[in-house]
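Residue strings, one per chain:
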Amino acid sequence: MDLKGQVAFITGGARGIGRSIAEELAVRGAKVVLGDLNPEEAAGTAEALKATGADACSYGLDVSKAQDVEKTFEAIKNDLGRLDILINNAGITRDGLLMRMKPEDWDLVINVNLRSVFLCSKEAVKIMSRQRYGRIVSIASVVAFMGNPGQANYSASKAGIVGLTKTIAKEYAGRGITANAVAPGFIVTAMTEKLPEDVRNQMLASIPSGKFGTPEDVARAVSFFCSPDTGYVTGQVIHVNGGMYM
Ligand code: NAP
């Protein structure tokens, strides 16, 4: 797959799965633009990518804030002149059983994980429609399909991404824009490292392949949807979970 001349914007690209996706797309020739809450961390990752020969840059933004998102897409348009690929990857957890979940934690997770996909995709399709080409890939989760005790906010946000993805796919298929999602299972990153050992062991026991996934496993599935050759694949979800959910 050749992505030379293409521009890819990856939210939450400073670390974890987002960073892996940036590396994967950069290796294929795309210019990667990292958007992250922590501008220094994002700039550091962009520098590290550049040291490997990649074409990379970064912007600091809070993906849940409309003003930040609009400003960043304006900057991408002015500085880079185009946008071919949007990866909606930024996400957080604020776990707790439903009865104890604070409304603030519900709102925060829905805003960072789902509102952000609405805000970023809305700006992206404006640019992509004019180009008559675009690839939008959003990172959902296995819990959108299975549910998970303690993750009412998170599982709802990820299920929302799936519905939103299908609607974007239908609205923009005629403009050469595809919208798809990747639903990871348990992937080893900072997000999952903070889980207690007994929860991790319980998870492991439910994975037929007998191991946790890596950010690279997710990045390879994402790159499939980013290919210029997969334009007839839209509104779909690829599950990357070692068989945990089928
Ligand atoms: P991670 O290591 O915690 O990285 C998340 C990245 O998103 C960080 O760079 C973080 O920035 C950034 N971010 C958080 N809030 C943001 C905001 N408001 N605006 C901009 N950037 C923000 O997480 P990960 O494990 O790589 O997860 C990436 C995606 O995969 C998430 O959507 C997650 O829900 C999904 N996912 C992960 C797993 C898993 O097992 N790890 C499974 C299923 C789905 P800071 O460093 O500044 O906080």
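Please read all numbers here as calculations on a predicted model, not as lab measurements.

Calculation criteria
- Residues numbered from 1 in each chain as written.
- Predicted model: local features only at pLDDT ≥ 70, side-chain atom pairs only at ≥ 80, totals over all residues.
- Heavy atoms only, no water.
- Core = buried A, V, L, I, M, F, W, Y, C linked by side-chain atoms within 4.5 Å.
- Buried < 20%, exposed > 50% of the residue type's maximum accessible area, 1.4 Å probe, protein only.
- Helix = DSSP H or I, 4+ residues; strand = E, 2+ residues; numbered from the N terminus.
- Phe/Tyr/Trp six-rings, centres within 6.5 Å; stacked < 30°, edge-to-face > 60°.
- Near = heavy atom within 4 Å.
- Polar contact = N/O pair within 3.5 Å; in protein donor to acceptor, adjacent residues only side chain to side chain.
- Areas by Shrake-Rupley, 256 points an atom, 1.4 Å probe, with all protein chains shown as cover.
- Nonpolar A, V, L, I, M, F, W, Y, C, P; charged D, E, K, R; others polar.

A word on the nonpolar core
One finds F9, V33, F73, L83, L86, M128 and I136 to be the most contacted residues of the largest nonpolar core, which totals 36 residues. Of all the elements in the fold, those that place two or more residues in this core are β1 (7-11), β3 (56-60), α3 (66-80), α4 (103-131), α6 (152-172) and β6 (177-184). Counting residues per element, this core draws most heavily on α4, at 8 residues. Core analysis: the next-biggest nonpolar cluster, separate from the first, contains 28 residues, L3, A56, I85 and A221 among them.

Examining the packing of aromatic side chains
One pass over the structure, following the stated rule, counts 4 aromatic pairs. Between the aromatic rings of F9 and F73, the centroid separation amounts to 5.4 Å while the plane-to-plane angle is 85°, which identifies the pairing as edge-to-face. Of the two residues, F9 sits in strand β1 while F73 sits in helix α3, which places them 64 residues apart along the sequence. Across the pair, exposure class does not vary: F9 and F73 are buried alike.

Considering the site of the ligand
The environment of the ligand is made up of 29 residues, and the closest members are D36, N89, Y154, I187 and T189. At 2.7 Å, a backbone N or O of N89 approaches an oxygen atom of the ligand. Considered on its own, the ligand offers 900 Å² of accessible surface; in the complex 92% of this is hidden by protein. Contributing elements (two or more residues each) for the shell around the ligand: α1 (16-27), α6 and α7 (190-193). With 3 residues, α7 is the largest single contributor of residues to the shell around the ligand. Of the residues belonging to the shell around the ligand, the class tally is 15 nonpolar, 9 polar and 5 charged.

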